[in-house]
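# Working through the structure, step by step
So the chains spell out like this:
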Amino acid sequence: MNGNGLAMNDGVLKMARGMDAALLNSSYPFLDVQEPDGKKYSLWFGDILGGKPDQHRITIGRGAENDIVLPDPHKKVSRRHSVIEREGDRWWVTDEGSANGTFLRQIQGRTELDVRAVDTVLLQDGDVMLILGKLTASEQPVFWQLTFRDPNVTEHVEGFQAVADVEYSLVQQKLFKVTRQKRAEVKLSPQERNLVHYMAQRCFENNLQPTVCGYEELIQAIWEEAFGHVPNEVNRLVWSLREKIERDSGEPQFLKTVRGQGYLLDIRIQ
């Protein structure tokens, strides 16, 4: 084949690689970044993670070892500031004990949270992470703004109700997912079963009304020896349960978060 033919094949190969990269990125969220000086650009999670399905953590901070480095001559960003982590098909942000905090301006409810106060927060399309970048001469804060964008977000249809329901048998200590066609048991780990049983028992004692359960009581109920266990372990059990029973684990219908208090189980109790 002549030189022109080889060049054409090289061009086709480059185009195919470009299409592969675009396809990879389209399956991942990205961040629209605005620096404190106003510069704007986007960072795709697919590029950061290299398309590796076993990679699920993205670190953010001033230090060069982070996946997303925030250059900071003013030293307002901590070396290891925050982490974005994937659980199932959802992404969560955690502050890593930073000096000046990670704040989240939520698109839903238009609230602004100090992530340090709530441990781990679900990211939704349009949420803005705020990290202090500098102070002006008049001591006004100027932030890094990292807007979370999820191209795969499911459009909410107003008034649509899921067919499935969830119920728990206190006697059998079994959880079931119920549809019009069948009633199927949900397989639970011992810790998941302890969590569900305790929350169901609390509902039963409260005249079958859903009851908020705090972290301390849940830790005591889940583990025989509560010492050494932390709220984030409860969060991970909740994420796992939601993957098993919710139609959309990011917008839970049955196992709900009550911000600043704990969790609420809203299912049928038998």
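The present account deals with the structure reproduced in this document.

Conventions adopted
Residues numbered from 1 in each chain as written. Predicted model: local features only at pLDDT ≥ 70, side-chain atom pairs only at ≥ 80, totals over all residues. Heavy atoms only, no water. Helix = DSSP H or I, 4+ residues; strand = E, 2+ residues; numbered from the N terminus. Expected span 1.5 Å × (residues − 1). Buried < 20%, exposed > 50% of the residue type's maximum accessible area, 1.4 Å probe, protein only. Arc of directions from axis to C-beta. Core = buried A, V, L, I, M, F, W, Y, C linked by side-chain atoms within 4.5 Å. Contact = heavy atoms within 4.5 Å. Pairing = 2+ DSSP bridges. Axes fitted to C-alpha atoms, helices over the stretch in contact; angles between N-to-C directions. Phe/Tyr/Trp six-rings, centres within 6.5 Å; stacked < 30°, edge-to-face > 60°.

## Digging into helix α4 (residues 190-205)
Across its 16 residues, α4 extends 22 Å between first and last C-alpha, which sits within 8% of the 22 Å expected from 1.5 Å per residue. Inspection of α4 places Glu192, Leu195, Val196, Met199, Ala200 and Cys203 among the buried residues, and these make up the whole buried set. An end-on view of α4 places all buried positions within 120 degrees of arc, on one side of the element. Seen from the buried face of α4, the exposed residues on the opposite side, beyond 90 degrees, are Pro190 and Glu205.

## Observations concerning the nonpolar core
Counting residues in hydrophobic clusters, the biggest one holds 28 residues, and the most contacted among them are Tyr168, Leu175, Leu195, Met199, Val234 and Ile267. Elements with a contribution of two residues or more to this core: β12 (165-169), α4, α5 (215-222), α6 (231-245) and β17 (262-265). When sequence neighbours within four positions are dropped, the list of residues in contact with Leu195 reads Ile222, Val234, Leu237, Val238 and Leu241. Judged by nonpolar contacts, the second largest core, of 23 residues, contains Val33, Leu49, Ile68 and Trp91.

## Here we look at the sheet that holds strand β9 (residues 120-122)
Spatial ordering of the open sheet is given by β4-β3-β5-β6-β9, a layout of five strands whose pairing is mixed. Both outer strands of the open sheet, β4 (68-69) and β9, are each paired with one neighbouring strand and no more. Looking at chain direction, strand β3 (residues 57-61) and strand β5 (residues 82-87) are connected through four bridges and run antiparallel. Among the inter-strand pairings, Arg57 is bridged to a residue of β5, identified as Glu85. Of the strands in this sheet, β5, β6 (90-95) and β9 are in contact with α6, which crosses β5 at around 30 degrees.

## Observations concerning α5
Every buried residue of α5 is listed here: Leu218, Ile219 and Ile222. The arc enclosing the buried residues of α5, seen along the axis, measures out at 100 degrees, which places them on a common side. Facing away from the buried surface of α5 by more than 90 degrees, the exposed residues are Glu216 and Gln220. Taken together, the buried residues of α5 touch α4, β15 (212-213), α6 and β17.

## Topic: the pairing of β12
For β12, the buried fraction is high: four of the five residues fall into the buried class. The loop that links β12 with its antiparallel partner strand β13 (residues 174-178) comprises four residues; one of these, Gln173, has a positive phi angle of about 55 degrees. Strand direction decides the pairing type here: β12 and strand β18 (residues 268-269), joined by two bridges, are parallel. From the neighbouring strand, Tyr168 faces β18, where its bridge partner is Ile269.

## A short note on the packing of aromatic side chains
Tallied over the entire structure, the rule returns five aromatic pairs. Arranged with centres 6.1 Å apart and planes meeting at 55 degrees, the rings of Phe45 and Phe148 form a pair that is tilted. Within this pair, whereas Phe45 is found in helix α2 (residues 45-49), its partner Phe148 is found in strand β11 (residues 141-149), the two being separated by 103 residues in sequence. On the basis of an interplanar angle of 80 degrees and a centroid distance of 5.9 Å, the ring pair of Tyr215 and Tyr263 is categorised as edge-to-face. Linking Tyr215 in helix α5 with Tyr263 in strand β17, this pair joins segments that are 48 residues apart in sequence. Tyr215 sits in the partly exposed class, given a relative accessible area of 25%. Given the relative accessible area of 4%, Tyr263 is considered buried. In this structure an aromatic cluster arises from ring pairing among Phe45, Trp91 and Phe148.

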